[in-house]
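Architecture at a glance
Chain residues, written in single-letter form:
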Amino acid sequence: MNTEETNVDLKDAETEDADPKEAPNPDPVPVPADADATEADVSEADLDQEEQEKQPMTGGAERVEDAPPAGAAEEKNGSVKLKMPEEEGKEKEKEVKFTGLSKEELLRVAGTPGWVRTRWSLLVVFWLGWLGMLGGAVLIVLQAPRCRDLPSSSWWNEGPMYQIGSIRAFSALMDLKGVEQKVGRLSQMKVKGLLIGPIHEAPADDVVGLRFEEVSSESGTLDQFKDLVHAAHKKGISVVLDLTPNYQGSSGPWFSNASVTNVAERLKSALVFWMKQGVDGVQLSGVERVAAMEPSLWTDIRAIVHNGTEESPNKRVLIGVTERSSAEDVSVLLNSTGVDLLVSGVLRAGGTDAAEHAASVQLLYASHSQLRLAWSLGGRAGGHLASLGGAELVKLHQLLLLTLPGTPVFNYGDETGLSDEGNEFPRMLWDSDEELNGTLKEERAERLSCLRFFSAVSELRGKERSLLFGDFLLLSNSSSSLAYLRTWDQSERYLAAFNWAGEEARLRLSEAALPRQAEVVLRTDGSGGVVDLTELRLGPGQAALLRFPRAG
């Protein structure tokens, strides 16, 4: 080969290297992953450094388009991959992981004497601590006072009874529908039993015209009565129906003695009828007569009332009413008649004589379970609190009836201080939002004040065990003042104090069970605070309900 041919070949070679578009690009040489491949990569590049620098810069950009994606296993031909010593060390550190001790190594360590002693020490400490806590719990249980078992009370022991003796006088509608519309108000007062009637057809002193199972046209209809029972039950109020036979006559509640047997027989079938209407009990006046004259019929009457039905599966009450006012006579009748509650005139007979009230309550409380005692001042036709004791003593008598051991029975309107005004069944006063002036405004304010006081005491009685069925302890009494204590087990204690006199009374209460001071829960004059029991002061006609915790 001559010199010219050699020069031509070299030029052709340079031209091919300079034009990458015409010459095919050699496949990229794979780069080993190991860092030691750096020198091999350099040696495998067939071009020396000077010739690579002579390559046009545009060719590299075009080759980038054909390069494999980032992270691919192969490297571009001519590239050099360098790894610094620090990165190499970090990768080696990542590869070294702590895998923990093997099972054999753990067994060898766990079997050493030090670890064996440690495990036994911890086990002993654990069981000693557990036994100590168990012993402490047992000691606390043994030393703690045992709670008293709750008495087996019934629904009529849980709140006041509210008697509506005249349906026409109670509401503007003058029928049973009007009573149904006021059930919500009774519920707000925490009333538990609604005493209705009598509402049956019973011409005065006319045995022949007696119709136990017919609702008199003056009271409403049977459907209205059913609706009333349903509405009352939805509010948690039980309905008791007064079925006194001759309630409008003057010859006695059972007519004459000769008619007692006939009337009692007719009453038995009537009881079955009314129980199917959903009533929760029956009230009868003059129970002493029928119980004494017809004991077998009276036993049947009691059985019918007390036996449940599908319409009224809950426990039902038989309430007796007597005109007897002696505590001794009332006690005898409670035993002989077997009624659940007996409404009498024991509190009415004493008037404002606190000493007589105290003696009557003490005798009945000592002779009978308080779950069978009932307290009332007026009764169905006996008058209202405002007329019997005076308007200024309404709140005092409300507090008395609601805190004595037994079931309180109120006449309609007693919650607002309704006065008889010479009428056996005065019209009930319902307050509205209309604007009043002068005397009318003051009278309405007083009615609302009485209502709030009644509702507050009634609500408290329903949730405090000491007032529901707590023990009764007489603390002090005189002709014009009275104080007693109601306690139950570990519950808070309640002290009720009353002053019937027209001047201030000072009661020095120094019973061992009493603290020096007590908190005022309710007071008829609206005041509160803390009072000194060693010299408790009550203004004229005032009463107070105090509270203090159980000692110890």
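I will try to describe carefully the structure that is included in this document.

What counts as what
Residues numbered from 1 in each chain as written. Predicted model: local features only at pLDDT ≥ 70, side-chain atom pairs only at ≥ 80, totals over all residues. Heavy atoms only, no water. Axes fitted to C-alpha atoms, helices over the stretch in contact; angles between N-to-C directions. Helix = DSSP H or I, 4+ residues; strand = E, 2+ residues; numbered from the N terminus. Parallel < 35°, antiparallel > 145°, perpendicular 65-115°, else oblique. Contact = heavy atoms within 4.5 Å. Nonpolar A, V, L, I, M, F, W, Y, C, P; charged D, E, K, R; others polar. Buried < 20%, exposed > 50% of the residue type's maximum accessible area, 1.4 Å probe, protein only. Left-handed = near helix turned anticlockwise from the far one by under 90°. Pairing = 2+ DSSP bridges.

In the contact formed by helix H12 (residues 260-276) and helix H14 (residues 295-306), the axes pass within 10 Å of each other and the chain directions differ by 10 degrees. With respect to their mutual orientation, H12 and H14 come out roughly parallel. For the pair H12 and H14, the contacting residues are Thr-261, Ala-264, Glu-265, Leu-267, Lys-268, Leu-271, Val-272 and Met-275 in the first and Leu-297, Asp-300, Ile-301, Ile-304 and Val-305 in the second. Residue composition of the contact of H12 with H14, by class: nine nonpolar, one polar and three charged.

Moving on, we get to the environment of Val-290. By the secondary structure assignment, Val-290 is in helix H13 (residues 287-293). Under the relative-accessibility criterion, Val-290 is labelled buried at 0%. For the pair Val-290 and Val-260, spaced 30 residues apart in the sequence, the C-alpha separation amounts to 6.5 Å.

Moving on, we get to the packing of helix H19 (residues 394-403) against helix H20 (residues 438-463). The N-to-C vectors of H19 and H20 enclose an angle of 15 degrees; their axes lie 10 Å apart at closest approach. Accordingly, the angle class assigned to the pair H19 and H20 is roughly parallel. Along this stretch, H19 crosses H20, giving a crossing that reads as right-handed. The segment H19 lies against H20, with Val-394, Lys-395, Gln-398, Leu-399 and Leu-402 engaging Glu-446, Ser-449, Cys-450, Phe-453, Phe-454, Val-457, Ser-458 and Arg-461.

In terms of burial, strand S13 (residues 493-499) is a largely internal element, seven of the seven residues being buried. Neither face of S13 is left uncovered, since the one carrying Arg-493, Leu-495, Ala-497 and Asn-499 and the one carrying Tyr-494, Ala-496 and Phe-498 both have all their residues buried. By the bridge criterion, six bridges tie strand S12 (residues 481-487) to S13 in an arrangement that is antiparallel. Bridge pairing links Tyr-484 to Ala-496 in S13. Between S12 and S13, which follow one another and run antiparallel, lie five residues, and Asp-489 among them has a positive phi close to 45 degrees. Two strands pair when backbone bridges link them, and S13 and strand S18 (residues 543-548) are joined in this way by six bridges, in the antiparallel orientation. The residue of S18 that forms the bridge with Ala-497 is Ala-544.

For the rest of this paragraph, the subject is unusual backbone geometry. A cis amide bond links Gly-197 to the next residue, Pro-198, at an omega of 15 degrees. Structurally, Pro-198 can be placed in the loop between strand S2 (193-196) and strand S3 (200-201). For Phe-255, which is not a glycine, the phi torsion comes out positive at approximately 65 degrees. Summarising the element assignment, Phe-255 is placed in the loop between strand S5 (238-242) and H12. Residue Phe-255 is classed as buried on the basis of its relative accessible area of 2%.

What follows covers H19. Summarising burial for H19: 10 of the 10 residues are buried, a large majority. Among all positions in H19, only Val-394, Lys-395, Leu-396, His-397, Gln-398, Leu-399, Leu-400, Leu-401, Leu-402 and Thr-403 are buried.

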